[in-house]
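Observations on the three-dimensional arrangement
Listed below, chain by chain, are the residues.
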Amino acid sequence: MMSYPFKNIEPKWQKYWDEHKTFKTKEDESVPKDKRRYVLDMFPYPSGAGLHVGHPEGYTATDIWCRYLRMKGYNVLHPMGYDAFGLPAENYAIKTGTHPSTTTNANIEHFTQQIKALGFSYDWDREIRTCTPDYYKWTQWIFLQLYKKGLAYEAETPINWCPSCMTGLANEEVKEGHCDRCGAQVTHKTIRQWILKITAYAERLIEDLDDLDWPESVKLMQKNWIGKSEGAEVNFTVADKDGKATDTTLTVYTTRCDTLFGATYMVVSPEHPMIDKLTTAEQADAVKAYREQAAKKSDLERTDLAKDKTGVFSGSYAINPVNGKLIPIWVADYVLISYGTGAIMAVPAHDTRDWEFAKKFNLPIIEVLKSEVDVQTQAWTEDGIHVNSEFLDGLNKKDAIAKMLEFLAEKGIGKKAVNYKLRDWVFSRQRYWGEPIPLVHCPDCGTVAVPEEELPLELPAVKTYQPTGTGESPLAGIDSWVNCKCPKCGKPAKRETNTMPQWAGSCWYYLRYIDPTNEKSFCDKAKESYWMPVDLYVGGAEHAVLHLLYARFWHKVLYDLGVVSTKEPFQRLINQGMITSFAFQRKSKSLVAVDAVEEKDGKYYAKDDGEELERVIAKMSKSLKNVVNPDEMIDSYGADSVRMYEMFMGPLTVSKPWNTQGLIGINRFLDKVWSISEKEMSDIDITGKLEDKALVSLRKTYAKTVAKVTKDTENLDFNTAISQMMIFINECSKLDSVPKAMWEGFVLMLSPYAPHLGEELWEKLGHKESNAYEKWPEFSEEFCKEDTKEFPVMINGKLRDKFEAAPGTDEETLKKMAFETEGFKKFTEGKTVAKVIVVKDKLVNIVAK
C-alpha cells in the first residue's frame, strides 16, 4: 500500500490557501445574523520556545468547527494574532541587550510558521500584534476613556519589590516569595501606581454571568474571585491615652455585626493608612520594626500559611460602640489591606484565627453564641442562639443581624454594606516593554490626558532596559522623552513613566480583529454589530479568572460608552483539556527527566542509581525533557495526522497524555484513506435500488457516517466523529470499487479534520476549486434504518432463542417466526402455549404450561 505523500500535499495546499486568500472574511450583509459565527482562540504569547503539541489542540478544534460551518453556509470570522508585550521579552533584553521588539517579532515569525504548517484556516489579513503603535494607539485610547469616566486613578500602593534587582515585580514574577530572575527574597514596597476601578463593575460582573454559555466551574471561579458578601460597616471611635473619645474613627467591615458584644480587640493591617495616627510614641519603634518584618512576607505566607500568629500592640484603644468598653488596637499581618477596610473587629470566641491570636497575646475571649464547647479551649465557629449580648440575647443569627443593623443605623455608627474580595486592578508596571500610559503631570494643571489626536504615544528608542533602582520604570531615565509640554497650559511638564501591564492589549483584541486597519476608530460600529458577540471562545482554564474578568470589565465600559453593541464579549466558552506527557517518578515522589531513564523488560529504571521508577502522567516541561515538538511530528507523520490525533485522543475538554504510537495509528488510517482513493470510482446511483448486498451495507454505513459526523462535529465531539469515519473506511477497504458520490461525501467530511488530504482527494476527483466552501453532505434517514433486527424469544421469562426480522413486522408474522425457532420447539415440547405477548419491534414473550 502506497503511503499518502503528505510532504508534497501539505505545502502545496498551504501555498494555495495563502495565495488565493481562501479564508479571507468579509461582512456580507446578505447573510442573516443566525448564519454568522465569530470563532476565537485565546491570544497566544509568542515565547522563544515556540509551540509544543499541547498548543494546537484548541486551535485544531476551532479550525475543524470553522471549516464545518463554512460548508454549512455560515459566514465565519476566524482570526489569529499575538499578545506581544510582556515580561519575558524585557527580561531577555536585560540579559542579552537585544531589543524586546526584535525578540518578540522573531518569536512571532516562528509561531506563525508553526501555526501555518498545521493548516489552520485563519484570515491572516486580520493578524494583530499588541506591541505595534497602530494597535496600542487604541489601547491608549480606551485607557483615556476609563480615565475620563473616573475609572482610572493614582494611589500609593504596595508592590512586590526585589532588593537585589532593585525593581518592582509583577505577581507572576514571584515564585514562592522569591524573585523569579535572581532568587532574592521579595519584599513589599509602597509606590505610586495607576489603578483601574474594576470594583465599580463588580455587581454586573457577577449578574451577567447567568446569561453566558460557560462552564459552571468557570462561572463559580469568577464569582468566588469577586467574592461578594453582605454585612455592615461599623465605626469604632478611637480613644486617647486616658480612654476618652477622640474625633478619630476606625471603620471595619463585618459579615457578623451581631457578634459585636464579643469583640475584645481590633486588628489593622500593617499597610493601613491610619497606623501612624494610631501608634503611640511608646510603641512607635516596635510597630515600625513589625511593619518592616511583615513587608518581607507574601500574602499567602501572611494568611493561608501562617500557623504562628504575630502582631504588635499599637498603644491605642477603640471604644466598642455597643457597650462602651475599651478594646486594644493591634497591628497584625494576618489582616490584609486588600480585604474590607483593612481593619477588623476580633471576636476570638467564634473565629479560629482571632482565637489563636487572643491565646498567644492573652486577650479576652467572650462567648456570644451559645456553644457546645468551652470557648476558652477552642473557638466555636458554628451558629448558636445569642448570649452575653444584652438586647440580642435569645435571638437567632438572622434576627440578631437585623436588630443590630437597626441599632447601628439608629445611633449613626454603622450601616448595611456590601463588600467584595475583588480589589481594584493595579494597572501600571515599572517596565519599558509595555504601552506608555498617555498622561502628563503638570505642576500647575495636575494630571492631564494626552490629546486623542496625538495618539499613539510611542515608546522611545532606548539603549538600556535596566531598572532604575528607585521603583520607577526605565522610561523615567530618558529625559528627552519624559520632559514635555503640558497639553493644557503649554508649560514644562513630565510624562507618566509607568507602562501598562501585559493584560491591557489582551483585554480588547477580539474587537480589533473585526476591523484591524481602521485608523479613525478602534472598530467600526457597523462591523462590530455584524460580528459580536464572540460565538465560541476556546482556551486554557488558566485564564478562567483574570483575563476573562479584565476583558469583561473593559467590554462593559465600552458598552456604557455606546461604542459596542453587546453587554458581554464572549457568549460561549470552552476550556480545552491539557495534553500531558509521560514522566517517571521515584518512590519519594520526585520526578526524573526522561533522558535519565532506561527501560528493561517493560520496566523503568533511573540510570544513575538503578531505582525502579513508576511511569506517571505529568505536564510537559523542559526540565523533565518530555516536551513533544509539533515540528518533528509534522515532519515524520504530517500535519493532518497531528491534527486528527489531537482530536482522537479523547473529548476536547478532558486532559490526556500524548502517545506517539497513537499518532502512528492515525497516520496509518490516513494511508488507508489514500489507498482507497486509488481505487476505481463508480458512477452508480446510490439513491436508487441496489442489488449488491455489499453496496447496500456500505450505503447504510455511509448514511450513518454522515449523520454521526454531522452531529458530532456540530457538538465538538471530534473523537467520536473520527471513530465513525474509521468504520466507513474499513468497509470501503473490502470493496474493489467505491461509489463516487459516497466518496465525495466522505472527502468533504474528512476535510475539516485533515484539510490538506481532503483538498488533494477533492482535486483527484476532478474538481478545480478548493472544497472549503462546498456544501456539507446530507444523508437519508431511510438509508440509516436497519433492514433486519434481532428479536429475542422469551419462554416463561427466560431467553430461549433469537431470530431476525425486518423492523415493523406485524404481530402474526413475528409469532409464526418465533414458533419456528429451535428454542421454541425444545422448551415447549409436551406443553401447551397459554399466552403469547408480542412487544412491537422488541421481543416475543411466550407462556407455556
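Residues numbered from 1 in each chain as written. Predicted model: local features only at pLDDT ≥ 70, side-chain atom pairs only at ≥ 80, totals over all residues. Heavy atoms only, no water.

**Focus: the sheet that holds strand β3 (residues 152–162)**
Spatially, β4-β3-β7-β15 is the arrangement adopted by the 4 strands of the open sheet, whose pairing is antiparallel. Sheet topology places β4 (167–169) and β15 (425–426) at the edges, where each strand pairs with a single neighbour. In this structure, β3 lies alongside β4, joined through 3 bridges in antiparallel fashion. Residue tryptophan 161 lies in a different strand from β4, and its bridge partner there is glycine 168. Here helix α5 (residues 133–148) sits on the sheet and contacts β3 and β7 (187–196); the angle it forms with β7, its principal contact strand, is near 90°. (Pairing = 2+ DSSP bridges. Helix = DSSP H or I, 4+ residues; strand = E, 2+ residues; numbered from the N terminus. Contact = heavy atoms within 4.5 Å. Axes fitted to C-alpha atoms, helices over the stretch in contact; angles between N-to-C directions.)

**Notes on the sheet that holds strand β21 (residues 573–575)**
Pairing within the open sheet is parallel, and its 4 strands lie in the order β2-β1-β20-β21. Single-partner strands in this sheet number two, and they are β2 (75–77) and β21. On average, each strand axis in the sheet is tilted by 20° relative to the strand beside it, whichever way the strands run. Where strand β20 (residues 536–539) and β21 come together, 3 bridges link them in parallel fashion. Paired with tyrosine 537 across the bridge in β21 is leucine 573.

**So, the pairing of strand β12 (residues 326–331)**
Taking burial as the measure, the 6 residues of β12 include 5 buried ones, the bulk of the element. Relative to β12, strand β10 (residues 265–268) runs parallel, the two being bridged by 3 bridges. Its bridge partner being in β12, valine 268 is matched across the sheet by valine 331. Relative to β12, strand β11 (residues 312–319) runs antiparallel, the two being bridged by 5 bridges. Each bridged residue has a counterpart across the sheet, and for valine 312 the counterpart in β12 is valine 331. Remark: 6 residues form the turn of the hairpin made by β11 and β12, two consecutive strands paired antiparallel; glycine 324 in that turn has positive phi of roughly 75°. (Buried < 20%, exposed > 50% of the residue type's maximum accessible area, 1.4 Å probe, protein only.)

**Side note on helix α17 (residues 546–561)**
In this model, α17 (16 residues) spans 23 Å end to end at C-alpha, consistent with the 22 Å of a helix rising 1.5 Å per residue. The buried fraction of α17 is high, at 12 of 16 residues. Glycine 562 sits one or two residues past α17 and shows a positive phi near 80°. (Expected span 1.5 Å × (residues − 1).)

**A word on unusual backbone geometry**
In this chain, leucine 455 is followed by proline 456 through a cis amide linkage whose omega measures 5°. Secondary-structure assignment places proline 456 in the loop between β17 (446–449) and α13 (479–482). A cis geometry characterises the amide bond from methionine 532 onward to proline 533, with omega recorded as 0°. Mapped onto the elements, proline 533 comes out in the loop between α16 (525–531) and β20. Of note in this structure, leucine 716 is not a glycine but carries a positive phi near 65°. Considering the arrangement of structural elements, one finds leucine 716 in the loop between α21 (693–714) and α22 (718–732).

**Re the packing of α5 against α17**
Contact geometry of α5 with α17 gives a least axis separation of 11 Å together with a crossing angle of 70°. Compared by their axis directions, α5 and α17 come out roughly perpendicular. Across the interface between the two elements, Thr139, Trp141, Ile142, Gln145 and Leu146 of α5 pack against Phe553, Trp554, Val557, Leu558 and Leu561 of α17. Class assignment for the residues of the contact of α5 with α17 results in 8 nonpolar, 2 polar and no charged. (Parallel < 35°, antiparallel > 145°, perpendicular 65-115°, else oblique. Nonpolar A, V, L, I, M, F, W, Y, C, P; charged D, E, K, R; others polar.)

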